[in-house]
Amino acid sequence: ADILVLDEPTAVLTPQEADELFDVMRSLVSQGKSIIFITHKLREILEVADTISVIRRGQMVGSTTPEKANRATLASMMVGREVVFRVEKNEVQIGDIVLNVNGLEALNDKGIKSLNGVSINVREGEIVGLAGVAGNGQNELAEALVGLREVVEGTISVNDQDVTNKPVKLGIRHGISLIPADRAKVGTAPNLSVTENVIMKNYDQKPIANGWRVNKHEAGKYATGLKDSYDIIVPTIDTSVRLLSGGNLQKVILAREISSEPKFMVAVQPTRGLDVGAIEGVQKLLLSQRESGASVLLISEELEELLSLSDRIYVIYEGEIMGEVDDGDIDKIGQMMTGTPLEQIG
């Protein structure tokens, strides 16, 4: 091929593997090949591109070069406003253990063991990251924690209450929230309205519940309040969520989950596919949960995001925890992501 189109090629690569890919790309270019490199990771664009073109809402808004641009100028072109990249993490008091997972084992959809003796914990006022290349058990772990996947061995407790293999509704009553990786099929009911989606966790509680019926007036008032608080851009609260952009759909999920005042939240790929402006908003909401005393398990393939938001990071490989770091050592994390246990890293 003389022309290569690479669409998010680093999504399932470790940092070291991404660097190797960039070397290959440079080698191909030196041989006279042409490469179109599509990514939302600004660091990668600045590192390997010769020219940069920016698309916003389906229209070309401009072109530049790495010499004339930086992350701030590119982000501004992408979203049409200034974006603050610096994550402001306030000092918080780390409290008692909220989530305690011990020796967890579970199977994937094919009946193959995907989690093998996972043991982790998350404390009050703490964001704990889980790093790993896609497909190493992250989704199965998230589903097991909230009751969506059967645990075959091990225990899960939240605030010393055993929630292993308990119904999802019991987990909700214990203050467990989930921001799933799949917004359309798991996180929302696409054909239902914004109102119907945001009341899914409290439709049976007063004042939204009126006996066995939903009080539409109270439900609408509740949805309008969340729409305004979370800046959900939608024509009306009766609009089907399938018509919303990815960023606004994620805001609907965040509004529903955060408004339930969770004690423990699992956030899986919460910024995937969002523009830098929407990413900024989601990250601020996660930090606000940390400051309110909630505990958050952040599962992300964006290593930069994990390093910015997390107080400490576990690394998972083929369903096993390779180790835990709290110093942001990228080299150690990268080695663990390829299967080297922390104790074997010099």
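1. With respect to the overall build of the protein chain
Right, so step 1: Per the secondary structure count, the protein chain includes 12 helices and 16 strands.
Right, so step 2: By principal-axis analysis of the C-alpha atoms, the protein chain measures approximately 70 × 50 × 45 Å.
Right, so step 3: Looking at the protein chain residue by residue over its 346 residues, the buried ones come to 45%.
Right, so step 4: Of the contacts formed within the protein chain by residues at least 6 apart in sequence, a portion of 63% connects residues at least 24 apart.
Right, so step 5: Taking the 35 positively charged and 50 negatively charged side chains of the protein chain as two groups, their mean positions are separated by 8 Å.

2. Observations concerning helix α9 (residues 246–259)
Right, so step 1: Along its 14 residues, α9 runs 20 Å from first to last C-alpha, staying within 8% of the 20 Å computed at 1.5 Å per residue.
Right, so step 2: Of all 14 residues in α9, 11 are buried, a share of seventy percent or more.
Right, so step 3: For α9, the elements touching its buried residues are β10 (176–179), α6 (183–187), α7 (194–198), α8 (216–229), β13 (264–268) and α10 (276–291).
Right, so step 4: A positive backbone phi angle near 50° is found at E261, which sits one or two residues after α9.

3. A word on the sheet that holds β13
Right, so step 1: Strand order in the open sheet formed by six strands is β10-β13-β14-β7-β15-β16, and the pairing between neighbours is mixed. On the outer flanks of this sheet lie β10 and β16 (320–325), each paired with one strand and no other. Here the strands of the sheet are splayed against their neighbours by 20° on average, with no regard to which way each runs.
Right, so step 2: Here strand β7 (residues 126–131) runs beside strand β14 (residues 295–299); their pairing, made up of five bridges, is parallel. Across the sheet, residue L130 finds its bridge partner in β14, namely I299.
Right, so step 3: In the packing of α9 onto the sheet, contacts are made with β10 and β13, and the angle to β10 comes to roughly 175°.
Right, so step 4: Where α10 meets the sheet, it contacts β7, β10, β13 and β14, and its direction lies at approximately 130° from that of β7.

4. Structural notes on the pairing of β7
Right, so step 1: Among the six residues of β7, six are classified as buried, and the element is accordingly described as predominantly covered.
Right, so step 2: Residues E126, V128 and L130 line one face of β7 and the alternating positions I127, G129 and A131 line the opposite face, and both faces are buried.
Right, so step 3: With four bridges connecting them, β7 and strand β15 (residues 312–317) associate as parallel partners. Residue pairing across strands places L130 opposite Y314, the latter belonging to β15.

The rules we used
Residues numbered from 1 in each chain as written. Predicted model: local features only at pLDDT ≥ 70, side-chain atom pairs only at ≥ 80, totals over all residues. Heavy atoms only, no water. Helix = DSSP H or I, 4+ residues; strand = E, 2+ residues; numbered from the N terminus. Buried < 20%, exposed > 50% of the residue type's maximum accessible area, 1.4 Å probe, protein only. Contact = heavy atoms within 4.5 Å. Lys, Arg positive; Asp, Glu negative; His and termini not counted. Charge placed at Lys NZ, Arg CZ, Asp CG, Glu CD. Expected span 1.5 Å × (residues − 1). Pairing = 2+ DSSP bridges. Axes fitted to C-alpha atoms, helices over the stretch in contact; angles between N-to-C directions.

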